[in-house]
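# Examination of the molecular architecture
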Amino acid sequence: MNKRVRFFAEQLLIVFNIFIVFLLLFENKLEVPAWLQPIGRMHPLLLHFPIVLLLMAIALQWYSASRRQANNFFHTFSQNILLWGALLSAVTVVMGLFLSREEGYSGETLQWHKWTGAGIFFLASILYWSATKSWYKGMLAKAAGAVVVAGLIFTGHFGANLTHGEDFILQPLAVYYEAPPVPIEKAMVFDHVIRPIFEKKCMSCHNPDKLKGELILADSASIVKGGKTGKLFVSGNPGISLLMERVHLPLEEKKHMPPKGKTQLTENEIALLALWIRDETPFTQKVIDLPPGDSLRLMAAAVLKPAETPEEKYDFAAADEKTIEKLNNDYRSITPLAKESPALEVNIYNRAGYTKKQLEELTEIKSQIVSLNLNKMPVTDEELKIVGQFENLRKLDLNFTDITAKGLKELAPLKHLNRLTLSGTKVNYNELKDQIPVFKSLKTVSIWNTGISLAEAEQLQKTNKNIKFIEGFVDDGSNPLKLNPPQINNRSVIFDQPMALQLFHPVKGVEIRYTTDGSEPDSITSPVFDNETIIKENALIKAKGFKKGWYASDVASFDFFKNSFKPDSVRLLYPLNSVHQGEGANTFFNTTLGAIGANNPAWANNFAGVRNNDMGLITEFKQPVTLSSVGLHYMIEEATGILPPALVEVWGGENENQMKLLVIMKPPLPAKGDKPSLTTVEGKFKPQTVSCLKIIAKPHVDGDRRRLLLVDEMFLN
């Protein structure tokens, strides 16, 4: 490294020390704007680089301190590595401080991670400046390096706990030290059936150290309290409970829980949560205190292992470790069932990326697979021929796959199969009753949310007394739940050509009724959605779900906007607010609408704001267009001073120097206490042929202060 670069890097290191001290001192007053949040979120991406550099530098210094004679080149090289490691540590610390200011990060673990991380940076800076001193050598250098290494280990540990949950690093060892299973006579519904679901699938994000949505699932009091968006559940009514609503959202939805990329709840776990809420089960309820025929008791008994049940012994050899390693990938996990056991458990994920080949490749370890999870995969009867080769299979999960009861004949060779889950599939009674007797070892079959009625399930149970048929929630109208609102599948609600309306509901058999006149849909007079509705103009679609035996859903409202023309060029007349830059001039015609909330990341991508001047732009068209209306879509949040424009002027003409006023719009102000909303104002005028358009939106002025104006889209028709 030449002297000029070294000098610059050393000055930058000093600046970083001062800047980080400043951030730490005034952290509570730090507000990270949306456009800076992506930088903070790069913290996990960058942090590995300074770790490697610092470890290299420490190793080189230890080696150098062990030699009797110093080597100038060796010393200089280690100094350069330490300098760049310290600089990258500084960048990582700054990113981490930005990230920590986002919602969901708090608690003791965050404080330990923050201060140990910052401490490593400060210590690395001190080591760099000290390494040239004559007194810094021998044992002192080794001791200082050891402190840095220890700091890296502790910082990584606390960071892993923040990201993945408590004791993430040591969690794999827990399988060797599991507490003995609780006998069903002593088992508590919440402690031993429900809490483990939260611990495995939810608490990595909802714990005292990582408060996503201000929700903690670590104790009963916090669970009852709920989070930022309200109560977690409505006792006795899972259909309108926030917990079940988030679980049933499509995986692609941002609010779906657990988030995409995290291990998802199984269908049995979802059913257990719904039954726990439905039965209004208190936190101190014992499993055996539930009625003998209660669905929650039966499902709880199926997941609880009696203490006296001995561990099953397997008489087949273990698979080759290299083969298992080769077969493991992002969409398929293969893990040992227990310590030193040859039995393997296989889980296949990602419905969109599933292929038959993922099953065919498993024939290399077909003798070792005892558990196979194919939930929600597009598996058909044809693929069951492959599964039928897994001769030692004990547990097979086929929930919400595309198999039928006829295909189960392909599983006849599975002499050890004792658990089969078929929930959400197309199996029916007439076909299933002929296939079940083939499986001599079968103990439980899950059939909830299938075409099998309650009476048919009872008949199956009567003729197969050695098998427990788990029905979960039976949709027979005796325990009505409330449906979730319908959802839309349209990629965008902004269109330039007539567009087919796409509504759907995640629960099978739901009838969706809708209106286009602003009225609330009913179950009698409102039209039934049939996938043939075409939207040609601006429309407010209100939809509601209905199904026999269920309470109707709440009304879902969807605004659709027609935008017939997109300008060939857009130029801003005034600078945008520094916080809400959106996509610059492109923000207003990118067919992307934002969400309510000034601190929502969507604002940075989709909205533009103006505080110190008007909002103004010039649009030009290569070919003249005939316009008769201009609309603006904006946000209102009266409590925080985000208001509609006070005045909107639309000018048009052949060019920028020859324009006339086409329309003036004055949207009404919200009343005090009004809820936040997304609103549109539209100005109509006689058809005008224009090549150039100027739109000026003036914010409200309160004394010397201009209120914030947020606009995300404009519509030209």
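Refer to the structure above for everything that follows.
Values in this document were obtained by computation on a predicted structure and should not be read as measured data.

### Observations regarding the sheet that holds strand β9 (residues 468-470)
In a beta sheet, neighbouring strands are held together by backbone hydrogen bonds and run either parallel or antiparallel to one another. In spatial order, the strands read β3-β4-β5-β6-β7-β8-β9; together these seven strands make up an open sheet with mixed pairing. Each edge of the open sheet carries a strand with a single partner, namely β3 (332-336) and β9. Strand-to-strand twist across the sheet, computed as the mean angle between neighbouring axes with direction ignored, equals 15°. In this sheet, strand β8 (residues 444-446) lies alongside strand β7 (residues 419-421) in parallel orientation, the contact comprising three bridges. Bridge pairing in β8 links Arg419 to Thr444.

### Observations regarding the packing of aromatic side chains
Throughout the structure, instances matching the rule amount to ten aromatic pairs. Geometrically, the ring pair formed by Phe198 and Trp276 is edge-to-face, given 6.4 Å between the ring centres and 75° between the ring planes. Here Phe198 is found in helix α8 (residues 189-201), whereas its partner Trp276 is found in helix α11 (residues 267-278), with 78 residues between them in sequence. A single burial state applies to Phe198 and to Trp276, both of which are buried. Ring plane angle 45° and centroid distance 5.4 Å describe the contact between Tyr314 and Phe316, whose orientation is recorded as tilted. Owing to a relative accessible area of 12%, Phe316 belongs among the buried residues under this scheme. Each member of the aromatic cluster is reached from another via a ring pair, and the members are Phe190, Phe198, Phe233, Trp276 and Phe283. In this structure, Lys694 is placed above the aromatic ring of Trp651, and the distance from its NZ or CZ to the ring centre is 5.3 Å.

### A few points about unusual backbone geometry
Of note in the backbone geometry, Lys376 takes a positive phi value of approximately 70° without being a glycine. Note on Lys376: relative accessible area 39%, which makes it partly exposed. Even without being glycine, Asn531 reaches a positive phi, approximately 70°. Tracing the chain through its elements places Asn531 in the loop between β14 (511-515) and β15 (534-535). A relative accessible area of 56% places Asn531 in the exposed class.

### Some points on the packing of α11 against helix α12 (residues 295-303)
The angle between the axes and the distance between the axes are what describe a pair of packed helices. In the contact formed by α11 and α12, the axes pass within 10 Å of each other and the chain directions differ by 140°. Taken as axis vectors, α11 and α12 run oblique relative to one another. You can see that α11 and α12 cross each other, and the crossing is left-handed. Together, Asn268, Ala271, Leu272, Leu275 and Trp276 of α11 and Ser295, Leu296, Met299, Ala300 and Val303 of α12 make up the contact between the two elements. Classifying every residue of the contact of α11 with α12 gives eight nonpolar, two polar and no charged.

### As for the side chain of Lys542
Inspection of the secondary structure assignment puts Lys542 in strand β16 (residues 539-546). No salt bridge is formed by the buried Lys542; its nearest oppositely charged neighbour, Glu520, is found at 6.7 Å. At a separation of 3.0 Å, a polar atom in the side chain of Lys542 contacts the main-chain carbonyl oxygen of Gly518.

### Remarks on the sheet that holds β14
The mixed open sheet is built from four strands, whose spatial order is β11-β17-β16-β14. Two strands in the sheet have a free side with no partner beyond their single neighbour: β11 (494-495) and β14. Pairing analysis gives two bridges linking β11 to strand β17 (residues 556-562), with the strands arranged parallel. Residue pairing in the sheet places Ile494 in a bridge with Phe561 of β17.

### Side note on α12
Buried within α12 are the following residues: Ser295, Leu296, Met299 and Ala300. Buried positions in α12, seen along its axis, are confined to an arc of 125° and lie on one side of it. Against the buried residues of α12 lie α8, α11 and β9.

### Some words on the nonpolar core
Generally speaking, a soluble globular protein has its nonpolar side chains buried in company with each other. Grouped together as the largest cluster of nonpolar side chains are 44 residues, with contacts concentrated most on Leu362, Leu372, Val387 and Leu396. Broken down by secondary-structure element, the contributors of at least two residues to this core are α13 (321-327), β4 (344-348), β5 (369-373), α15 (384-387), α16 (429-435) and α17 (454-463). If sequence neighbours within four positions are ignored, Leu362 has contacts with Arg332, Ile334, Val346, Ile348, Ile369, Leu372 and Phe390. Within the second largest apolar cluster, 34 residues are counted, among which are Ala187, Leu215, Leu232 and Val247.

### Let's talk about the pattern of salt bridges
A full pass over the atoms with the stated rule returns 13 salt bridges. Between Glu520 and Lys544 there is a salt bridge, and its shortest N-O distance comes to 2.9 Å. Of this pair, Glu520 sits in the loop between β14 and β15 while Lys544 sits in strand β16, placing them 24 residues apart in sequence. Accessibility expressed as a relative area gives 51% for Glu520, which makes it exposed.

### Examining the pairing of strand β26 (residues 709-716)
With eight of eight residues buried, β26 is to be regarded as a mostly interior element. Sheet topology note: the strand β20 (residues 615-636)/β26 ladder contains five bridges and is antiparallel. What sits directly across from Val630, in β26, is Leu716.

### As for the pairing of β20
Of all the 22 residues making up β20, 16 are buried; the element is thus mostly covered by neighbouring parts of the structure. Bridge analysis of strand β18 (residues 569-572) against β20 gives four bridges, and the strand direction is antiparallel. Bridge pairing links Arg571 to Ile618 in β20. Pairing of β20 with strand β23 (residues 677-698), which is carried by 17 bridges, proceeds in the antiparallel orientation. What sits directly across from Leu627, in β23, is Gln688.

### Concerning a nonpolar patch on the surface
Residues Phe19, Val21, Phe22, Leu25 and Phe26 make up a contiguous nonpolar surface patch of about 480 Å² in total accessible area. Structurally, Phe22 can be placed in helix α1 (residues 3-25). Note on Phe22: relative accessible area 45%, which makes it partly exposed.

### Here's the deal with the environment of Phe400
Mapped onto the elements, Phe400 comes out in the loop between β6 (395-397) and β7. Accessibility expressed as a relative area gives 24% for Phe400, which makes it partly exposed. Note: C-alpha distance between Phe400 and Pro378 (22 residues apart in sequence) is 8.3 Å. The residues touching Phe400, leaving out its near neighbours within four places in the chain, are Glu267, Arg351, Lys376, Met377, Ser423, Gly424, Thr425 and Asn449.

Definitions and limits used
- Residues numbered from 1 in each chain as written.
- Predicted model: local features only at pLDDT ≥ 70, side-chain atom pairs only at ≥ 80, totals over all residues.
- Heavy atoms only, no water.
- Pairing = 2+ DSSP bridges.
- Helix = DSSP H or I, 4+ residues; strand = E, 2+ residues; numbered from the N terminus.
- Axes fitted to C-alpha atoms, helices over the stretch in contact; angles between N-to-C directions.
- Phe/Tyr/Trp six-rings, centres within 6.5 Å; stacked < 30°, edge-to-face > 60°.
- Buried < 20%, exposed > 50% of the residue type's maximum accessible area, 1.4 Å probe, protein only.
- Lys NZ or Arg CZ within 6 Å of the ring centre and 35° of its normal.
- Parallel < 35°, antiparallel > 145°, perpendicular 65-115°, else oblique.
- Left-handed = near helix turned anticlockwise from the far one by under 90°.
- Contact = heavy atoms within 4.5 Å.
- Nonpolar A, V, L, I, M, F, W, Y, C, P; charged D, E, K, R; others polar.
- Lys, Arg positive; Asp, Glu negative; His and termini not counted.
- Salt bridge = Lys/Arg side-chain N within 4 Å of Asp/Glu carboxyl O.
- Polar contact = N/O pair within 3.5 Å; in protein donor to acceptor, adjacent residues only side chain to side chain.
- Arc of directions from axis to C-beta.
- Core = buried A, V, L, I, M, F, W, Y, C linked by side-chain atoms within 4.5 Å.
- Patch = residues over 30% accessible without salt bridge, like charges linked within 9 Å, V, L, I, M, F, W, Y side chains within 5 Å.
- Areas by Shrake-Rupley, 256 points an atom, 1.4 Å probe, with all protein chains shown as cover.

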